[in-house]
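Summary of the model geometry
What follows is each chain in one-letter form.
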Amino acid sequence: MLARRVIPCLDVDKGRVVKGTKFVNLTDEGDPAELAERYAREGADEIVFLDITAAHEGRATMLDVVRRTASRAFVPLTVGGGVRSVQEMHDVLRAGADKVSFNTAAVAAPELLTACAERFGSQAVVCAIDARRLPRTDGAGQTWEVVTHGGRRATDLDAVSWALRVVELGAGELLVTSIDRDGTRSGFDTELLASIASRVRVPVIASGGASSPEDFVTAVRDGKADAVLAASIFHRRMHSIASVKAAMAAAGLPVRPVGEAVA
Amino acid sequence: MTGSKPRIAILDYGAANLVSITHGLAAVGADVVVAAEPSALAGADALVVPGVGAAASAMTHLRERGLVEPLRNWVRAGKPCLGICLGFELLFDASDEGDAETLGFLAGRTVALRDAPTLPHIGWNVVRAVRPHPLFDGIPDGSYFYFVHSFAPVPADEGVVVARTDHGRPFVSAVARGSLYGLQFHPEKSSDAGLRLLSNFLRLVAANAETNARAGAALGSEVA
């Protein structure tokens, strides 16, 4: 049975892992390749790099980071942020990434998802959806709108309809972030996750709000997520990947054991 | 072989990520060359056919680069060849993905995964042995490996099947026939279990090279 994945996410700025709140007060936390290797050793099922480098000249630096990571961390690697063309995706994959995640670029030019899926296959195309709760109106169910630029810009797109649309366009996986919960450590928005995961066939990665190992369990059980992504709780060593997986296994969820014995 | 390191050629036909398989093989002691043209196969002890993407466009790229015939001759000669993911699917006769005619080294057709709860099948899943095989030496049966695919081949000959994996329905996740091996999952992305499998592959390659050298020497002495 397919294991539920646990994925640490690293924010990378100009080739270094940074920590901060909502992209401000960034502090240097080390070399991405080194941290990725450590997480892989500790049982991470996949690594996500989110490139938050503002300047375009940072692209070459990111490719170098990807290259160095692929040479030492033998788990899947997804790179998000800053990829805006088929050629740029090609460069990132050639450097050693397995998937590329599109967010703002997909909203700006949805046909990019199709072009990339046709060239590299849907399995390499992740669409990141940042969603914010809209005030409930009487009689209607809860809805969410898609936001971009780290939550600063609204789009008028309904998050669930957008999810269905990007899958049709070629996205092979959805990375769904609750902007309301992101950075708050108040648990995942399982209602948002379930609304999307119950309507699409592609895997859904839950993101935004992880605080405890139990949150990972509810993201999968109630949110129907196939994978769960978190940043700060791992980076700040509040919880280990092993303790998260132990909680998931105790709840009866299939996980890949940490440090599986290979003779 | 150059020294004691088996020389592995990775077929480059424009498929995306060659970095991981290159480093994975190097990490377990291979001397790796990336082969974008037929001449680069000379001197290699084994060939790896990697790949992600679609079968039809992969075949087009292989043809454009003149790699189909050299590949056919390689496998016909019984030299070690390992197909991974799409490279595994290409070993069979044909694929429903783009209705492509593929290499035809193994009888059978690649079809879309049926009754899959999620598609693409992305993530770590359990690989169960159908029969023991040296590729899996030292790897506990039922270990997790990393998969990324929507199609899987259905071999006509059950005898080639080494392992199966379940995603809605069981599908074939590893095959072997002589020195021809195929894996639906990515050993280069499967952490310790994957590296162990690549190391086992190198040992099979080294054994094969040794046998050939001995046969060559025996033939030489007969001629003499």
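Residues numbered from 1 in each chain as written. Chains lettered and ligands numbered in written order. Predicted model: local features only at pLDDT ≥ 70, side-chain atom pairs only at ≥ 80, totals over all residues. Heavy atoms only, no water.

Some points on the packing of helix α1 (residues 32-41) of chain A against helix α2 (residues 58-70) of chain A
The relative placement of two packed helices comes down to the angle between their axes together with the axis-to-axis distance. Residues and elements named next belong to chain A. Closest axis-to-axis distance for the α1/α2 pair is 8 Å, and the angle between their directions is 35°. Here α1 runs over α2; the crossing is right-handed. Facing P32, A33 and A36 of α1, the residues of α2 in contact are V65, R68 and T69. (Axes fitted to C-alpha atoms, helices over the stretch in contact; angles between N-to-C directions. Helix = DSSP H or I, 4+ residues; strand = E, 2+ residues; numbered from the N terminus. Left-handed = near helix turned anticlockwise from the far one by under 90°. Contact = heavy atoms within 4.5 Å.)

Considering the side chain of E88 of chain A
Relative to the elements of secondary structure, E88 of chain A occurs in helix α3 (residues 86-94). Within the structure, the side chain of E88 of chain A is placed 2.6 Å from the backbone nitrogen of R84 of chain A, a separation counted as a polar contact. (Polar contact = N/O pair within 3.5 Å; in protein donor to acceptor, adjacent residues only side chain to side chain.)

Regarding the packing of helix α8 (residues 213-221) of chain A against helix α10 (residues 241-250) of chain A
All names here are of chain A. In contact at an axis separation of 8 Å, α8 and α10 are set at 50° when each is read in the N-to-C sense. Classified by the interaxial angle, the pair formed by α8 and α10 is oblique. Where α8 crosses over α10, the two elements pack in a sense that is right-handed. Between α8, through P213, E214, F216, V217 and V220, and α10, the contact on the second element is made entirely by S243, V244, A247 and M248. (Parallel < 35°, antiparallel > 145°, perpendicular 65-115°, else oblique.)

Brief notes about the pairing of strand β10 (residues 144-149) of chain B
Most of β10 of chain B sits inside the fold, with six of its six residues counted as buried. Burial of the side chains of β10 of chain B extends over both faces: Y144, Y146 and V148 of chain B are buried on one face and F145, F147 and H149 of chain B on the other. (Buried < 20%, exposed > 50% of the residue type's maximum accessible area, 1.4 Å probe, protein only.)

Side note on the layout of surface pockets
Approximately 340 Å³ is the volume attributed to the second largest pocket. A40 and R41 of chain A together with S191, D192 and L195 of chain B are the residues nearest the centre of the second largest pocket, which is lined by 21 residues in total. Listing elements by their share of the lining of the second largest pocket, those giving two or more residues are α1 of chain A together with α5 (191-223) of chain B. The element that contributes the greatest number of residues to the lining of the second largest pocket is α5 of chain B, accounting for four residues. For the lining of the second largest pocket, the class distribution of residues is eleven nonpolar, four polar and six charged. (1 Å grid on protein atoms, 1.4 Å probe; cavity = no way out; pocket = protein on both sides within 12 Å on 5 of 7 lines; lining within 4 Å. Points joined across faces, edges and corners; volume = space filled by probe spheres on them. Nonpolar A, V, L, I, M, F, W, Y, C, P; charged D, E, K, R; others polar.)

Looking at the pairing of strand β4 (residues 47-51) of chain A
Successive residues of a regular strand alternate their side chains across the two faces of the sheet. All names here are of chain A. Extensive coverage of β4 is indicated by the burial of four of its five residues. Of the pairings in the sheet, the one linking strand β1 (residues 5-13) to β4 comprises four bridges and is parallel in character. By the bridge assignment for β4, L10 is matched with F49. Two elements, β4 and strand β5 (residues 77-80), share four bridges in a ladder whose sense is parallel. (Pairing = 2+ DSSP bridges.)

With respect to α8 of chain A
One turn of the α-helix equals 3.6 residues, which is why residues spaced by three or four share an orientation. Restricting attention to buried positions, one finds in α8 of chain A the residues P213, D215, F216, V217, A219 and V220 of chain A. In this structure, the buried residues of α8 of chain A make contact with β1, α7 (190-197), β11 (204-207), β12 (227-230), α9 (232-235) and α10 of chain A.

What about empty space enclosed by the protein?
Residues and elements named next belong to chain A. Inspection of every chain in the model, using the stated rule, returns two cavities of 30 Å³ or more. In this model, the second largest cavity occupies a volume close to 40 Å³. Considering the residues around the second largest cavity, the lining is formed by E46, V48, T78, K99, S101, V126, E173, L175 and I205. Only β6 (99-102) and β10 (173-178) provide two or more residues apiece to the lining of the second largest cavity.

Regarding α1 of chain A
All names here are of chain A. Along α1, the positions that sit buried rather than exposed are P32, A33, L35, A36, Y39 and A40. On an axial view of α1, the arc spanned by its buried residues comes to 165°, and they lie on one face. Exposed residues pointing more than 90 degrees away from the buried face of α1 are listed as E34 and R41. Just beyond α1, the residue with positive phi is G43, at close to 110°. (Arc of directions from axis to C-beta.)

Notes on unusual backbone geometry
All names here are of chain B. For the bond from L119 to P120, the omega torsion is 0°, close enough to zero to count as cis. Mapped onto the elements, P120 comes out in the loop between β7 (106-112) and β8 (121-126). Here C85, not a glycine, exhibits a phi torsion of approximately 55°, which is positive. Turning to its location among the elements, C85 is positioned in the loop between β4 (81-84) and α4 (86-89). Judged by relative accessible area, which is 4%, C85 ranks as buried.

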